[in-house]
Amino acid sequence: MDADHHSQKTAASGNAHPDDLVELEVEVSDPALLSSLARWLGRSPDTRVRRVAVPPGAGELGAADIVIAVVSSSALAALVQVIPEFIRSKRSPVVVKLRHKGRTIEVSADNATDAATMLDKLTGQ
C-alpha cells in the first residue's frame, strides 16, 4: 500500500475510508455526565470519541463541551443503540442530543426504545 493511500485510511476503525465515516455531535443535558457518555460511546465498535468546547450560541453564557463521535457507517447502528443504554443507567432524567448533517434528535427515557427509528431520523432515511 502506498503512503498516500494509507493516509486516507483513518479514524474510526483504522481501515475505513474517510467517505465511509460518520461524524456525530453528541450533547448531554447534564454536563457532569459528558465524560461518562464519552466512555460509553467509546465502547462501541469502530468508534473514536473526542471532547471539544463549543462557543456559546446567541443569548447563551459560557462555552459548552460536546463529544464528537466518529464511526464507520456500518457501525453507526451499534453506536446509536448505546445511547438508550446510557440513559437507562442514570438515576435522574437525562436527555442526549445527537446531531448529524443538520439533523438533530433528542433521546430521553421516554423515546429511547427504538434505536432503528432514531437512526432513521438522524440519517434522514
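## A short note on the sheet that holds strand β1 (residues 21–28)
Right, so step 1: One open sheet accounts for five strands, arranged β2-β3-β1-β4-β5; its pairing is antiparallel. Edge positions in the open sheet fall to β2 (47–54) and β5 (103–107), since each of these has one partner strand only. Pairwise comparison of adjacent strand axes, ignoring direction, gives a mean angle of 25 degrees for this sheet.
Right, so step 2: Looking at chain direction, β1 and strand β4 (residues 96–100) are connected through four bridges and run antiparallel. Among the inter-strand pairings, Glu27 is bridged to a residue of β4, identified as Lys97.
Right, so step 3: Against the sheet, helix α2 (residues 34–42) contacts β1, β2, β3 (64–72) and β4, and its axis sits at roughly 155 degrees relative to β2.

## Observations regarding the packing of aromatic side chains
By convention here, two paired aromatic rings are described through the distance between centres and the angle between planes.
Right, so step 1: Scanning all chains against the criterion turns up one aromatic pair.
Right, so step 2: With centroids separated by 5.8 Å and ring planes inclined at 80 degrees, the aromatic side chains of Trp40 and Phe86 adopt a geometry described as edge-to-face. Here Trp40, found in helix α2, pairs with Phe86, found in helix α3 (residues 76–88); they are 46 residues apart in sequence, far enough to count as distant.
Right, so step 3: The ring of Trp40 is capped by Arg43, whose NZ or CZ atom sits 4.3 Å from the centre of that ring.

## Some remarks on the confidence of the model for the chain
Right, so step 1: Averaged over every residue, the pLDDT of the chain is 80; residues scoring 70 or more account for 85%.
Right, so step 2: Predicted confidence in the chain is weakest over helix α1 (residues 3–8), with a mean pLDDT of 33, and strongest over α2, with 93.
Right, so step 3: Every residue in residues 1–13 scores below 50 in pLDDT, and together they form 22 contacts with partners more than four places removed in sequence or on other chains.

## Structural notes on the environment of Lys121
Right, so step 1: With respect to the helices, strands and loops of the structure, Lys121 is situated in helix α4 (residues 115–123).
Right, so step 2: With a relative accessible area of 55%, Lys121 lands in the exposed category.
Right, so step 3: Between the alpha carbons of Lys121 and Ile105 there is a distance of 7.2 Å; along the sequence they are 16 residues apart.

## Let's talk about the packing of α2 against α3
Right, so step 1: In contact at an axis separation of 9 Å, α2 and α3 are set at 140 degrees when each is read in the N-to-C sense. Taken together, the axes of α2 and α3 are oblique relative to one another. By crossing handedness, the relation of α2 to α3 is classed as right-handed. On α3, the residues that touch Ser36, Leu37, Trp40 and Leu41 of α2 are Leu79, Val82, Ile83, Glu85 and Phe86.
Right, so step 2: Taken together, the residues of the contact of α2 with α3 break down into seven nonpolar, one polar and one charged.

## A word on the environment of Arg99
Right, so step 1: You can see Arg99 is positioned in strand β4.
Right, so step 2: Under the relative-accessibility criterion, Arg99 is labelled partly exposed at 22%.
Right, so step 3: Considering only alpha carbons, one finds Arg99 and Val26, 73 residues apart in sequence, at a separation of 6.5 Å.
Right, so step 4: A distance of 3.0 Å separates a polar atom in the side chain of Arg99 from a polar atom in the side chain of Glu27.

So, how was this worked out
Residues numbered from 1 in each chain as written. Predicted model: local features only at pLDDT ≥ 70, side-chain atom pairs only at ≥ 80, totals over all residues. Heavy atoms only, no water. Pairing = 2+ DSSP bridges. Helix = DSSP H or I, 4+ residues; strand = E, 2+ residues; numbered from the N terminus. Axes fitted to C-alpha atoms, helices over the stretch in contact; angles between N-to-C directions. Contact = heavy atoms within 4.5 Å. Phe/Tyr/Trp six-rings, centres within 6.5 Å; stacked < 30°, edge-to-face > 60°. Lys NZ or Arg CZ within 6 Å of the ring centre and 35° of its normal. pLDDT = per-residue confidence, 0-100. Buried < 20%, exposed > 50% of the residue type's maximum accessible area, 1.4 Å probe, protein only. Parallel < 35°, antiparallel > 145°, perpendicular 65-115°, else oblique. Left-handed = near helix turned anticlockwise from the far one by under 90°. Nonpolar A, V, L, I, M, F, W, Y, C, P; charged D, E, K, R; others polar. Polar contact = N/O pair within 3.5 Å; in protein donor to acceptor, adjacent residues only side chain to side chain.

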